[in-house]
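# Remarks on the overall topology
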Amino acid sequence: MIRVGVIGYGTIGSRVADAVRLQPDMDLVGVAKARPDYRARLAASEGVRLFAPPGEDNSWEGSGIEVAGTTEDLIGESDVIVDATPSGRGRLNRPYYERGGRPAVFQGGEEPSIGEVSFVAQVNYDAAVGKRYVRVVSCNTTGLARLVWALEREFGVEMVIANLVRRAADPHEFKKGPIDATVLDPVSVPSHHAADLREVIPGLRVFTSAVKVPVTHAHVHMMGLRLASEVGKEDVIDVLLRERRITLVSSRHGFSSTSDVFRIGRMLGRGRGDVYENVVWADSISSDGRWIFLAQAIHQEAIVIPENIDAIRAVAGLTSGSDSMNLTDSTLNIRRGFLY
Ligand code: NAD
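If you're wondering where the values come from, they're calculated on a predicted model, not measured in any experiment.

## Focus: the sheet that holds strand β3 (residues 50–52)
Strand order in the open sheet formed by eight strands is β4-β3-β2-β1-β5-β6-β8-β7, and the pairing between neighbours is parallel. The two strands at the open ends of the sheet, each matched to only one other strand, are β4 (69–70) and β7 (117–119). The sheet contacts of helix α5 (residues 121–128) involve β7 and β8 (133–136), and relative to β7 the element is tilted by about 145°.

Spelled out as structure tokens, the structure:
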């Protein structure tokens, strides 16, 4: 059993903790949480052990929530740490993991240099095996990498142009905007996503732009890919149907917006209503010579969760990539092929 400690219990950390508890080869030691708020109380009521960062504040005292120890205690009891604290905080936390001699999985809000590998399981699981520090890349980069890699393996990809329509905030972030604007983020292109994607697929010729829109669920990627040879729409669909963690949907069946993406996880009865797969509109796929065009949606809160689970196994060095991904996909009920 791999004993896992999760530091940071927000959007990503809470989901990683849930997913760890579903793995037959992992034990959730506990989570380090900054404050004793209602989420701490709910976690405790679900049997999750809570650890408090030392010296931040004394709000845990007298909160009525049982605290199992400090973050350092959690690190000491764990084989692998998942750091899911806000962007940039992982850099400050890493010395604690080094001191405790524990490997750690970081998130995409950190600089690539925080880890030895920028990780997407389907692309580079083997490169992360036995490494001390691995960075699971951001939601957008994960979604782009899965899709590009599937087509690169089969056909060869010469160039990618990806326009990203990004959700402005996660559902609980009520103080963030915009509420009535489309924001070019950034104005001057390429956006940082291109460089980040090259951290996963080195040498890829890719150009990205991004806008932020007033929604809280799902990014949409509208992409053009120039392949090494002429390929028809059906050939692309055939490859994507076989690729794990990618699912296809069709507007013919009423699937026409990110609101429909949001429904998938709820209708399948998944924890937190999560959608772990890239959701590609089959009827958005078209070809023109060597160019392929398509649109996909990415549930930003969920897509990196399977990657975190696989990254834990990779740094623990216990299994092969395909065994790990098979186990992750079956425990999280991840689909491939046509969903609707
Ligand atoms: P979040 O703000 O929802 O959660 C972070 C949590 O960590 C907060 O609850 C905060 O109180 C807590 N925290 C801060 N310092 C702490 C400490 N020292 N010890 C314990 N807890 C501490 O953030 P998030 O959205 O989950 O993002 C976490 C990371 O995941 C970031 O790197 C982000 O870029 C990345 N990421 C986020 C998303 C997303 O859509 N939210 C998607 C992919 C990747």
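## Description of the site of the ligand
Near the ligand there are 21 residues, and of these Thr11, Ile12, Gly109, Arg167 and Asp170 occur at the shortest range. Here the ligand loses 86% of its free accessible area of 830 Å² to cover by the protein chains. Looking at the shell around the ligand residue by residue, the classes come out as eight nonpolar, eight polar and five charged.

## With respect to helix α7 (residues 192–200)
Residues of α7 that are buried include every one of His193, Ala194, Asp196, Leu197 and Val200, and no others. Along the axis of α7, the buried residues cluster in a sector spanning 165°; they form a single face. For α7, the secondary structure elements touched by its buried residues are β7, α5, β8, α6 (139–155), β9 (157–167) and β11 (206–213).

## What about the environment of Thr11?
Relative to the elements of secondary structure, Thr11 occurs in helix α1 (residues 11–21). The exposure class of Thr11 is buried, given its relative accessible area of 15%. Between the C-alpha atoms of Thr11 and Thr85, which are 74 residues apart in sequence, the distance is 9.6 Å. Once residues within four sequence positions are removed from consideration, Thr11 is found in contact with Asp170, His172 and Glu301. Of note is the side chain of Thr11, whose polar atom sits 3.4 Å from the side chain of Asp170.

Rules used in this analysis
Residues numbered from 1 in each chain as written. Predicted model: local features only at pLDDT ≥ 70, side-chain atom pairs only at ≥ 80, totals over all residues. Heavy atoms only, no water. Pairing = 2+ DSSP bridges. Helix = DSSP H or I, 4+ residues; strand = E, 2+ residues; numbered from the N terminus. Contact = heavy atoms within 4.5 Å. Axes fitted to C-alpha atoms, helices over the stretch in contact; angles between N-to-C directions. Near = heavy atom within 4 Å. Areas by Shrake-Rupley, 256 points an atom, 1.4 Å probe, with all protein chains shown as cover. Nonpolar A, V, L, I, M, F, W, Y, C, P; charged D, E, K, R; others polar. Buried < 20%, exposed > 50% of the residue type's maximum accessible area, 1.4 Å probe, protein only. Arc of directions from axis to C-beta. Polar contact = N/O pair within 3.5 Å; in protein donor to acceptor, adjacent residues only side chain to side chain.

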